[in-house]
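Descriptive structure summary
For reference, the chains in residue letters:
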Amino acid sequence: MEKIIINGGTPLHGEVEISGAKNAALAIIPAAILSQDVCVIENLPCSISDIVYMMKILKQIGAQLKVINKNTIEIDSRHVNSYVISHDMTKHLRASYYFIGALLGRFSRAMVSMPGGCYLGPRPIDQHIKGFELLGATVSVDDNAIVNAKADKLIGSPIYLDMVSVGATVNILLAAVKAKGLTVIENAAKEPHIVDLANFLNSMGADVRGAGTDVIKIRGVEQLHGCTYSIIPDQIEAGTFMVAAAATKGDVLIKNVIPKHLESISKKLIECGAEVEEFDDAVRVSLSQRPEKCNIKTMPHPGFPTDMQPQFAVLLALADGTSIISESVWSNRFKYTEQLNRMGANIKADGQLAVVQGVENLKGAPVKADDLRAGAAMLIAGAAANGTTEIEDIYHIDRGYEEVVEKFKGIGADIKRVYCPDPNALTDVG
Ligand code: EPZ
């Protein structure tokens, strides 16, 4: 069992380099099997565990992988020979369900066990299934929670999503690129990683237009070919360091970002009194006084991202005054507030609303990472708090943040990762 220990209370200063976007990579990796060819993916956050598991799935279905360097992998999909993915493989992460769309696109057949991932409330896949069915597939979920999808031939279709869903938009895109004729996804998600996936598919010879708007048109093509593609920078990792700079009253230059993707976060930081300076591919965030209160409401892109909600709550926990957080995407994304309250925060969460009464200081405490972004919030809180914070269950953080301890250390945090024996492992001894 590993923990992260932070001695906080020191402003973060310096420069940090952002990795490739996890959520773009998670869509692009399965997309690579749509070509019976070789794709080279650059700027891939290879060391995060979600990516490692996606690579394991690729290998299980017959793809050959070659590590070109730390962040570049060659995926050879010529010998992919299976449309079955077992629970052992899918239980680790949500995005394993992108193989349903990708395998349908490749073989018109997919048998994929229902996915794992962060618990943020119920995570139904009805919109994914609706999309596959409109493309002509029959889809059933058996008693062992295996999704079985098959089609004689996928045929393009208009598909209206009942709610904006990143996952359904990705999955339908993957299934539709080689379907016969035109697919139109209406009420599509507009996140930067949807655009990145569409750009990757187009680099392989697909005909996808309108990604980044709420109407995406996909004209099916017979075949896709290999390509070399570089993944966009991670919007949420960048936002996490932006908030860390402000919450510690520091001054950090966050490099390798697309400032346009960070606008909703920058605007809220400015509302809290931070200075945000934008460059071509970097942002600098600084704050010298106590943050001011502000309200946030999470929304699909271009709204304030739900994946930044826990991290931003740390800044609001330290703000002068009372802020309201309204979580409109997930029904259960405030569990982390219990951990922040252990550090002296004063947050009352009820359903999808949280009232944050700002306090002057947080104090270090033993806490845990309830999920990935909750873990990121603990890192920021630990860096901002006086005293020592020990974070448990950091495997959640390792799912989505590359070299996170090294990156925090690089901007002056007193932080380390330690191994400690699992107390439960001792219960059987004598
Ligand atoms: C993606 O999850 C992200 N994951 C999540 O990031 C992110 O929180 C979420 O989008 C929202 O931005 C990946 O990209 C791998 P949704 P996803 O489908 O695709 C409901 C992180 O921390 N819904 O857009 O699962 C759903 O219950 C992770 O990096 C249905 O009802 O999210 C939710 O309330 C956590 N039926 C809302 O839509 C469906 O068929 C949005 O979900 C699909 C979704």
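Residues numbered from 1 in each chain as written. Predicted model: local features only at pLDDT ≥ 70, side-chain atom pairs only at ≥ 80, totals over all residues. Heavy atoms only, no water.

Looking at the overall build of the chain
The number of helices and strands found in the chain is 14 helices and 24 strands. Taking 2.2 N^0.38 as the reference for a compact globule, 430 residues should give roughly 22 Å; the C-alpha atoms of the chain span a radius of gyration of 22 Å, in line with that estimate. Structurally, the chain occupies a C-alpha span of about 65 × 60 × 40 Å along its principal axes. Per-residue burial for the chain yields a buried fraction of 58% across its 430 residues. (Helix = DSSP H or I, 4+ residues; strand = E, 2+ residues; numbered from the N terminus. Rg over C-alpha atoms; globule rule 2.2 N^0.38 Å. Buried < 20%, exposed > 50% of the residue type's maximum accessible area, 1.4 Å probe, protein only.)

Some remarks on the nonpolar core
Counting 78 residues, the largest nonpolar core has L44, F99, L173, L197, F200, L201 and V208 as its most contacted members. Residues contacting L197, with those up to four places away along its chain left out, are A27, I28, A31, V170, L173 and L174. (Core = buried A, V, L, I, M, F, W, Y, C linked by side-chain atoms within 4.5 Å. Contact = heavy atoms within 4.5 Å.)

Some remarks on empty space enclosed by the protein
Applying the stated criterion across every chain yields a total of four cavities of 30 Å³ or more. Of the volumes computed, that of the largest cavity is approximately 70 Å³. For the largest cavity, the full set of lining residues is A21, N23, A24, P192, H193, I232, P233, D234, Q235 and I236. Across the lining of the largest cavity, the residue classes break down as six nonpolar, three polar and one charged. Taken together, domain 1 (2-18 + 233-419) and domain 2 (22-230) each give at least three residues to the lining of the largest cavity, which thus spans both. (1 Å grid on protein atoms, 1.4 Å probe; cavity = no way out; pocket = protein on both sides within 12 Å on 5 of 7 lines; lining within 4 Å. Points joined across faces, edges and corners; volume = space filled by probe spheres on them. Nonpolar A, V, L, I, M, F, W, Y, C, P; charged D, E, K, R; others polar. Domains from an automatic or database assignment.)

Here we look at the layout of surface pockets
Of the pockets and cavities examined, the largest pocket occupies roughly 1,000 Å³. Lining the largest pocket are 44 residues, and of these R123, V166, G167, V329 and W330 lie nearest its centre. Put simply, the parts of the chain that give the lining of the largest pocket at least two residues each are α1 (22-31), α5 (126-134), α6 (166-176), α8 (235-247) and α12 (372-384). Per-class residue counts for the lining of the largest pocket are 21 nonpolar, 13 polar and 10 charged. Two domains each put at least three residues into the lining of the largest pocket: domain 1 (2-18 + 233-419) and domain 2 (22-230).

What to know about the side chain of N71
Assignment of secondary structure puts N71 in the loop between β4 (64-69) and β5 (72-76). A relative accessible area of 19% places N71 in the buried class. One polar contact links the side chain of N71 to the main-chain carbonyl oxygen of L44, over a distance of 2.7 Å. Here N71 is in contact with I41, E42, N43, L44, P45, C46 and E402, once residues within four sequence places are set aside. (Polar contact = N/O pair within 3.5 Å; in protein donor to acceptor, adjacent residues only side chain to side chain.)

Looking at the pattern of salt bridges
Scanning the entire structure with this criterion turns up 19 salt bridges. Residue E263 is joined to K260 by a salt bridge in which the shortest nitrogen-to-oxygen separation is 3.2 Å. Look at K260 and you get exposed, because its relative accessible area is 57%. Close ionic contact of R290 with E360 constitutes a salt bridge, the shortest N to O distance being 3.9 Å. With R290 in the loop between β17 (282-286) and β18 (296-297) and E360 in the loop between β21 (353-357) and β22 (366-368), the pair connects residues that are 70 residues apart, well separated along the chain. (Salt bridge = Lys/Arg side-chain N within 4 Å of Asp/Glu carboxyl O.)

Brief notes about a nonpolar patch on the surface
Together, I324, L353 and V355 make up a nonpolar patch on the protein surface, roughly 220 Å² of accessible area in all. Relative to the elements of secondary structure, V355 occurs in strand β21. (Patch = residues over 30% accessible without salt bridge, like charges linked within 9 Å, V, L, I, M, F, W, Y side chains within 5 Å. Areas by Shrake-Rupley, 256 points an atom, 1.4 Å probe, with all protein chains shown as cover.)

Looking at the site of the ligand
Residues in contact with the ligand amount to 25 residues; listed here are only the nearest, S165, V166, D307, V329 and R373. Within the side chain of D126, an N or O atom sits 2.8 Å from a nitrogen atom of the ligand. Separating an oxygen atom of the ligand from a side-chain N or O atom of R333 is a distance of 3.5 Å. Put simply, the ligand lies in the largest pocket. In terms of residue class, the shell around the ligand is built from 13 nonpolar, six polar and six charged. Two domains each put at least three residues into the shell around the ligand: domain 1 (2-18 + 233-419) and domain 2 (22-230). (Near = heavy atom within 4 Å. Sits in = over half its atoms within 2 Å of the grid points.)

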